[in-house]
Amino acid sequence: LRVMGPTGSGKTNFINRLIGRGEDGAALGLKSHTQAVREYIVNLSNNQQYVLVDTPGFDDTYRSDRDILKTIADWLERKYRNDVKLTGIIYTHRITDNRMSGSVCKNLDMFGGLCGDPAAERVRLVTTMWDKAKDKNLAEKRVSQLEANFWKPLIDAGARHERFNNSSGSAWEIVRGLMGEGEAVLLQEELVDVERKLNETTAGKTLYTQFQKLLYEQKEAVKQLQEEAKAQKDLEAVKELEAEQRRLEAELQKTLDEMEKLKIPFARRVALLFTKRTQALSVSV
């Protein structure tokens, strides 16, 4: 069982409830708690064994999204080559969030790119922190909005929404609904069966698209700051604007570097296109 979601959405706390830890074992503050893939083995009295996997979110405090994707991909590829498949995938989301922030949308996009439609039936979209929701009616409306909009593609493909009430019983009820044969996720099939490189996978291309959007936003922000600095006659304000501009330009360069690492060379793109056409012809014949 693999647990995913944005930083602070309750991934580690969910696993803590399953393995019997208290809340003090969960993440504290705003910094990312899970820096690498962590495995927890739970042995049950009926001779069943669960392996729970806690993975970092794509908004880590210290590591780039490309680094996070590679960490998760390496683990998935290694398990798949050893004939280990995922029984289920749990994606956590805070019900207390009053809007879908950019980082949450980014995590959800990457989640879809990792899983693919065939594995969606093994996906549980788990809302957390119901005990912290002050307005229950508002929380119910958020669920309806999530199911009708942001989660709709996954739900249409077979995923289900579950509520985690911050108790061991609630966590195990969700997990028991995922018993059965494991399923390979899209990223595993692309890396192993199709032998694609990470930047050629659906998840890698999704990340590249996100970088393109971020690059555009950063360029627009730098341009606006430049115009504001020219209009300002206050020297102190100009210095502050120029400092912010330098910071943004550094971020812009970092984004460009990450995009360059994900870029697929032209010759390789041609080879991939030829491979796809050959596969399509073989299927039609």
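Our structure's up above, just so we're on the same page.
Residues numbered from 1 in each chain as written. Predicted model: local features only at pLDDT ≥ 70, side-chain atom pairs only at ≥ 80, totals over all residues. Heavy atoms only, no water.

Peer 1: I tried to follow the overall build of the protein on my own but got confused; where do I start?
Peer 2: Along the backbone of the protein there are ten helices and six strands. Taken across its 285 residues, the protein has 45% of its residues classed as buried. Taking the contacts inside the protein whose residues are at least 6 apart along the sequence as the reference set, 71% of them involve residues at least 24 apart. As displayed, the protein has an accessible area near 15800 Å², and 50% of this comes from carbon and sulfur atoms. (Helix = DSSP H or I, 4+ residues; strand = E, 2+ residues; numbered from the N terminus. Buried < 20%, exposed > 50% of the residue type's maximum accessible area, 1.4 Å probe, protein only. Contact = heavy atoms within 4.5 Å. Areas by Shrake-Rupley, 256 points an atom, 1.4 Å probe, with all protein chains shown as cover.)

Peer 1: In this structure, what is going on with the sheet that holds strand β1 (residues 2–4)? I would like to understand it.
Peer 2: The pairing of strands in a sheet happens through backbone hydrogen bonds and is either parallel or antiparallel. The strand order across the open sheet formed by six strands is β2-β3-β1-β4-β5-β6, and the pairing between neighbours is mixed. Each edge of the open sheet carries a strand with a single partner, namely β2 (38–43) and β6 (160–163). Put simply, the sheet's adjacent strands are angled 25° from each other on average, direction ignored. Here helix α3 (residues 102–115) sits on the sheet in contact with β1, β4 (89–94) and β5 (123–128), set at roughly 170° to β4. The strands touched by helix α6 (residues 168–176) are β2, β3 (49–54), β4, β5 and β6; relative to β6, the strand with the most contacts, the crossing angle is about 160°. (Pairing = 2+ DSSP bridges. Axes fitted to C-alpha atoms, helices over the stretch in contact; angles between N-to-C directions.)

Peer 1: Please explain helix α9 (residues 235–262) as it appears in this structure.
Peer 2: Within an α-helix, residues lying three or four positions from one another point in the same direction, as the helix has 3.6 residues per turn. Here α9 is 28 residues long and its end C-alpha atoms lie 41 Å apart, about the 40 Å a rise of 1.5 Å per residue gives. Taken residue by residue, α9 has A237, V238, L241, Q245, L248, L252, T255, E258, M259 and L262 as its buried positions. On its buried face, α9 sits against α2 (65–81) and α8 (202–231). (Expected span 1.5 Å × (residues − 1).)

Peer 1: Honestly, the packing of aromatic side chains in this entry has me stumped. Any pointers?
Peer 2: Here the distance between the centres and the angle between the planes together describe a pair of aromatic rings. For the structure on display, the rule yields two aromatic pairs. Seen from their ring centres, F14 and F164 are 5.0 Å apart, and the 70° between their planes marks the pair as edge-to-face. Here F14, found in helix α1 (residues 11–19), pairs with F164, found in the loop between β6 and α6; they are 150 residues apart in sequence, far enough to count as distant. Of the two residues examined, F14 and F164, each falls in the buried class. Taken together, a centroid distance of 4.8 Å and an interplanar angle of 45° make the contact between Y91 and F111 tilted. Of this pair, Y91 sits in strand β4 while F111 sits in helix α3, and the two are 20 residues apart along the sequence. A relative accessible area of 1% places Y91 in the buried class. (Phe/Tyr/Trp six-rings, centres within 6.5 Å; stacked < 30°, edge-to-face > 60°.)

Peer 1: Can you walk me through the pattern of salt bridges in this structure?
Peer 2: Pairs may arise between side chains of opposite charge once their charged atoms sit close together. Across all of its chains, the model carries 15 salt bridges by this definition. Close ionic contact of E77 with R81 constitutes a salt bridge, the shortest N to O distance being 3.0 Å. Of this pair, E77 and R81 both sit in helix α2, four residues apart, which is roughly one turn of the helix. Exposure remark for E77: the relative accessible area of 22% places this residue in the partly exposed category. Two residues, D131 and K132, come together in a salt bridge whose shortest N-O distance is 3.9 Å. With a relative accessible area of 48%, D131 lands in the partly exposed category. Overall, the relative accessible area of 51% leaves K132 in the exposed class. One network of salt bridges, with partners in common, ties together R66, E258 and K261. (Salt bridge = Lys/Arg side-chain N within 4 Å of Asp/Glu carboxyl O.)

Peer 1: What is the right way to look at the nonpolar core in this model?
Peer 2: Side chains that are nonpolar tend, in soluble globular proteins, to be buried together. In terms of nonpolar packing, the biggest core is built from 40 residues, with F58, L69, F111, L125 and L187 touching the most fellow members. At the level of elements, α2, β4, α3, β5, α7 (186–193), α8 and α9 are the ones that each hand at least two residues to this core. It is α2 that provides the largest number of residues to this core, a total of seven residues. If you count residues domain by domain, this core takes at least three from each of domain 1 (2–193) and domain 2 (202–264). With near-sequence residues (within four places) excluded, F111 lies in contact with M4, I89, Y91, V123, L125 and L154. (Core = buried A, V, L, I, M, F, W, Y, C linked by side-chain atoms within 4.5 Å. Domains from an automatic or database assignment.)

Peer 1: Would you take a moment to explain the packing of α1 against α6 for this structure?
Peer 2: Helix-helix packing is described using two parameters, namely the angle between the two axes and the distance between the axes. Running from amino to carboxyl end, α1 crosses α6 at an angle of 100°, the nearest separation of the two axes being 8 Å. As judged from the angle between their axes, α1 and α6 are roughly perpendicular. Contacts between α1 and α6 involve F14, R17 and L18 from the former and S168, A171, W172, I174 and V175 from the latter. In terms of residue class, the contact of α1 with α6 is built from six nonpolar, one polar and one charged. (Parallel < 35°, antiparallel > 145°, perpendicular 65-115°, else oblique. Nonpolar A, V, L, I, M, F, W, Y, C, P; charged D, E, K, R; others polar.)

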